[in-house]
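# What the coordinates show
This is what each chain is made of:
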Amino acid sequence: MRLDKFLADMGIGTRSQVKQIIKKGQVQINGTRCTSADTKIDENNDEISYNGKLLTYEKNRYYLLNKPAGYVCANSDKLHKTVFELLKGEQLKGLFTVGRLDIDTEGLLIITNDGSLSHELLSPSKHVNKTYYAKINGIANESHVEACAKGIDIGDDTPTQSASLVIRKTNAQNNTSEIELTITEGRYHQVKRMFHALGMEVTYLKRISMGNLKLDDKLPLGSFRRLTAGEINMLYSNKS
Ligand code: URA
């Protein structure tokens, strides 16, 4: 790989900015200053430093964010804050969210630059489970469990794929329920539309797992961490 491409990929600057940086002698290869941008490097074995700081090459980056309400899953937005604003100090170039959560939905969001992992997790044919915890207006019962398992007409061309509804709590006094719903697709507003079709409304929604990755209890709302190599492999193979 060319030295200037490596530095640009690492987020040091644009291709023309890194050319200037190299020209000024701010880059070293294996301890020796290099001033020509087209020098070929081996990104996996050569030690490249910028202003004395060693740069470690990573082709792909993977983050787990505990998304708070009030942030949109978009790279830029004129009206709202984006989830990328929460990745403070990180190089954002090339990153995207694996699927989207609504502005008022909280919980597990994977952010990466790895398109194949995203495909692996989102393609409806892969049937990867996404589990949501929700508070709803209305009393969920066995007929709703059966309806979710059969598939629900939410106004699309086809009913939803079979989903698993688990009723955690019901409160007859307030006419509310707490549930967990596991779906294998990611249709627009899917969970809210499924409950709407069942005559109830979602008042709070949080994604708690995707494939075998669970939302980290230790990760406060609005915080992020890198996924571990083990978690990435597990998401690829979708085995627990
Ligand atoms: N279903 C919804 O309705 N909203 C989300 O954010 C995710 C799933």
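No experiment lies behind these values; they were computed from the predicted model shown.

### Observations regarding the overall build of the chain
Scanning the chain for helices and strands turns up 6 helices and 15 strands. Compactness check: the chain gives a C-alpha radius of gyration of 22 Å against a globular reference of 18 Å for 240 residues, more than 25% above the reference. Once the C-alpha set of the chain is aligned to its principal axes, its extents read approximately 70 × 35 × 35 Å. Scored against the burial criterion, the 240 residues of the chain give a buried share of 43%. Carbon and sulfur atoms make up 48% of the accessible area of the chain, which amounts to about 12,900 Å² in all. Averaging the positions of the 33 positive and the 28 negative side-chain charges in the chain gives two centres separated by 5 Å.

### Some words on the packing of aromatic side chains
The geometry of an aromatic ring pair is captured by two quantities: the separation of the ring centres and the angle between the planes. Enumeration over the complete set of coordinates arrives at 3 aromatic pairs. On the basis of an interplanar angle of 75° and a centroid distance of 5.8 Å, the ring pair of tyrosine 63 and phenylalanine 224 is categorised as edge-to-face. Of the two residues, tyrosine 63 sits in strand E5 (residues 62-67) while phenylalanine 224 sits in strand E15 (residues 224-226), which places them 161 residues apart along the sequence. For tyrosine 63, a relative accessible area of 0% translates into the label buried. With relative accessibility at 24%, the residue phenylalanine 224 sits in the partly exposed group. Lying across the ring of tyrosine 204, lysine 135 places its NZ or CZ 5.3 Å from the centre.

### A short note on unusual backbone geometry
In this structure, asparagine 30 takes a positive phi of about 45° despite not being glycine. Checked against the element boundaries, asparagine 30 lands in the loop between strand E1 (27-29) and strand E2 (32-33). The residue asparagine 175 is not glycine, and still its phi comes out positive at about 60°. Its place among the elements puts asparagine 175 in the loop between strand E11 (164-171) and strand E12 (176-183). The exposure class of asparagine 175 is partly exposed, given its relative accessible area of 41%.

### Topic: the nonpolar core
Formed by 32 residues in total, the largest nonpolar core has its most connected members in Ile111, Leu181 and Phe195. Elements supplying a minimum of two residues to this core: E5, strand E9 (106-112), strand E10 (130-137), helix H4 (142-150), E12, helix H5 (190-197) and strand E13 (201-210). When residues of this core are assigned to domains, at least three fall in each of domain 2 (62-123 + 216-237) and domain 3 (129-210). Dropping the residues within four chain positions of it, phenylalanine 195 is found in contact with Ile136, Leu165, Ile179, Leu181, Met200 and Val202. Formed by 16 residues, the second largest nonpolar core is a distinct cluster that contains Tyr62, Leu117, Leu121 and Leu215.

### Observations regarding the sheet that holds strand E4 (residues 53-55)
Spatially, the 4 strands line up as an open sheet ordered E2-E1-E3-E4, and their pairing is antiparallel. With partners counted over all chains shown, the strands left at the sheet margins are E2 and E4, one partner each. Both E1 and strand E3 (residues 48-50) contribute to a ladder of 3 bridges, which runs antiparallel. Within E3, the position partnered with valine 27 by the bridge is tyrosine 50.

### Observations regarding the pairing of E11
In this structure, E11 lies alongside E12, joined through 7 bridges in antiparallel fashion. Counted as the bridge partner of lysine 169 is glutamate 178 from E12. In sequence, E11 turns back onto E12 through a hairpin of 4 residues, with asparagine 175 there showing a positive phi of about 60°.

### Some thoughts on the environment of leucine 227
By secondary structure assignment, the location of leucine 227 is in the loop between E15 and helix H6 (229-237). Placed 55 residues apart in sequence, leucine 227 and alanine 172 show a C-alpha to C-alpha distance of 41 Å. When residues no more than four places from it in sequence are discounted, the contact partners of leucine 227 are Tyr62, Tyr63, Leu64, Ile110, Leu213, Ile232 and Leu235.

### Details of the pattern of salt bridges
If you walk through the whole model with that rule in mind, you get 13 salt bridges. Residue lysine 192 pairs with aspartate 102 through a salt bridge whose shortest N-O separation is 2.8 Å. With lysine 192 in helix H5 and aspartate 102 in the loop between strand E8 (96-97) and E9, the pair connects residues that are 90 residues apart, well separated along the chain. The closest approach of N and O atoms between arginine 187 and aspartate 156, which form a salt bridge, is 3.0 Å. Within this pair, whereas arginine 187 is found in the loop between E12 and H5, its partner aspartate 156 is found in the loop between H4 and E11, the two being separated by 31 residues in sequence. Classification of arginine 187 as buried rests on a relative accessible area of 18%. When salt bridges with common partners are traced through the structure, they connect Arg2, Asp4, Arg15 and Lys19 into a single cluster.

Rules used in this analysis
Residues numbered from 1 in each chain as written. Predicted model: local features only at pLDDT ≥ 70, side-chain atom pairs only at ≥ 80, totals over all residues. Heavy atoms only, no water. Helix = DSSP H or I, 4+ residues; strand = E, 2+ residues; numbered from the N terminus. Rg over C-alpha atoms; globule rule 2.2 N^0.38 Å. Buried < 20%, exposed > 50% of the residue type's maximum accessible area, 1.4 Å probe, protein only. Areas by Shrake-Rupley, 256 points an atom, 1.4 Å probe, with all protein chains shown as cover. Lys, Arg positive; Asp, Glu negative; His and termini not counted. Charge placed at Lys NZ, Arg CZ, Asp CG, Glu CD. Phe/Tyr/Trp six-rings, centres within 6.5 Å; stacked < 30°, edge-to-face > 60°. Lys NZ or Arg CZ within 6 Å of the ring centre and 35° of its normal. Core = buried A, V, L, I, M, F, W, Y, C linked by side-chain atoms within 4.5 Å. Domains from an automatic or database assignment. Contact = heavy atoms within 4.5 Å. Pairing = 2+ DSSP bridges. Salt bridge = Lys/Arg side-chain N within 4 Å of Asp/Glu carboxyl O.

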